[in-house]
Amino acid sequence: MFKPIHLFLSCTLVLLTSMAQAEAPISANKLETMLADALRYDSAKAERVGNSGKAIQAYMRAGIVNKKPNVRVDYTDYYLVKKPASFMGHALFMIEEEYMTQYIGCCVSEGAGITVRVKGDDTALNDFAKRNACSVESKVDMSAQLKYLGLKAELPAGNYTSLSCRDRDVVLKSE
């Protein structure tokens with residue numbers, strides 16, 4: 001028979017174990033999968049496979065992006081990556097999420113996007129974009145983009161590519 005102190009200790013142990021499991025770090029592969037799913041499009045269901053908000057929250061918990069966006073412009077939150085992370089072998093530089101919190105004029109196009117500093121061949125990245133109704137902008141002038149957004153960031157030399165995986169991109173791909 002449990003004495004009150006034993007019951008208390010048992011319950012405390014279960015609670016602490018549950019809390020530790022809830023806060024367990026997510027692997028880099030799991031983070032990338034969550035982000036890829038947020039960008040991936042299921043044409044049968046006519047929707048993105050994953051949830052961009054949950055993917056970004058996982059990057060927040062991992063300390064890769066800030067808890068709040070670096071800047072919000074129109075309907076889009078921009079998160080600069082502050083710790084090394086990758087996407088399909090390329091250096092993840094920025095994550096963006098477009099959604100409406102309040103109407104500020106035309107036209108919200110919900111979804112997410114990323115900017116990467118290209119490392120090597122970008123064929124797989126372009127194929128991913130094509131298969132998932134994403135638009136691709138290669139050789140992005142990141143210096144100009146950061147200036148436009150009012151952001152200051154260390155900008156490693158290299159070529160930058162942006163993927164936009166929003167509602168408007170699905171429409172553009174179907175035309």
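Thresholds applied
- Residues numbered from 1 in each chain as written.
- Predicted model: local features only at pLDDT ≥ 70, side-chain atom pairs only at ≥ 80, totals over all residues.
- Heavy atoms only, no water.
- Axes fitted to C-alpha atoms, helices over the stretch in contact; angles between N-to-C directions.
- Helix = DSSP H or I, 4+ residues; strand = E, 2+ residues; numbered from the N terminus.
- Parallel < 35°, antiparallel > 145°, perpendicular 65-115°, else oblique.
- Left-handed = near helix turned anticlockwise from the far one by under 90°.
- Contact = heavy atoms within 4.5 Å.
- Phe/Tyr/Trp six-rings, centres within 6.5 Å; stacked < 30°, edge-to-face > 60°.
- Buried < 20%, exposed > 50% of the residue type's maximum accessible area, 1.4 Å probe, protein only.
- Lys NZ or Arg CZ within 6 Å of the ring centre and 35° of its normal.

**A look at the packing of helix α2 (residues 28–39) against helix α3 (residues 52–61)**
Closest axis-to-axis distance for the α2/α3 pair is 8 Å, and the angle between their directions is 155°. Comparing the axis directions of α2 and α3 gives the class roughly antiparallel. α2 and α3 meet at a crossing whose hand is left-handed. Across from Leu31, Glu32, Met34, Leu35 and Ala38 in α2, the residues of α3 making contact are Ser52, Lys54, Ala55, Ala58 and Tyr59.

**Details of the packing of aromatic side chains**
For the structure on display, the rule yields two aromatic pairs. Between the aromatic rings of phenylalanine 87 and phenylalanine 128, the centroid separation amounts to 5.8 Å while the plane-to-plane angle is 80°, which identifies the pairing as edge-to-face. Of this pair, phenylalanine 87 sits in strand β5 (residues 86–87) while phenylalanine 128 sits in helix α4 (residues 123–131); the two residues are 41 residues apart in sequence, bridging distant segments of the chain. Note on phenylalanine 87: relative accessible area 1%, which makes it buried. Phenylalanine 128 gets classed as buried once you look at its relative accessible area, which sits at 3%. Measuring from centroid to centroid gives 5.3 Å for phenylalanine 93 and tyrosine 160, while their planes differ by 70°, and the two rings are edge-to-face. With a gap of 67 residues between them, phenylalanine 93 in strand β6 (residues 90–98) and tyrosine 160 in strand β9 (residues 160–166) connect regions that are remote in the sequence. Taken as a pair, phenylalanine 93 and tyrosine 160 share a single burial class, namely buried. A cation over a ring is seen here: arginine 72 above tyrosine 99, with NZ or CZ 4.4 Å from the ring centre.

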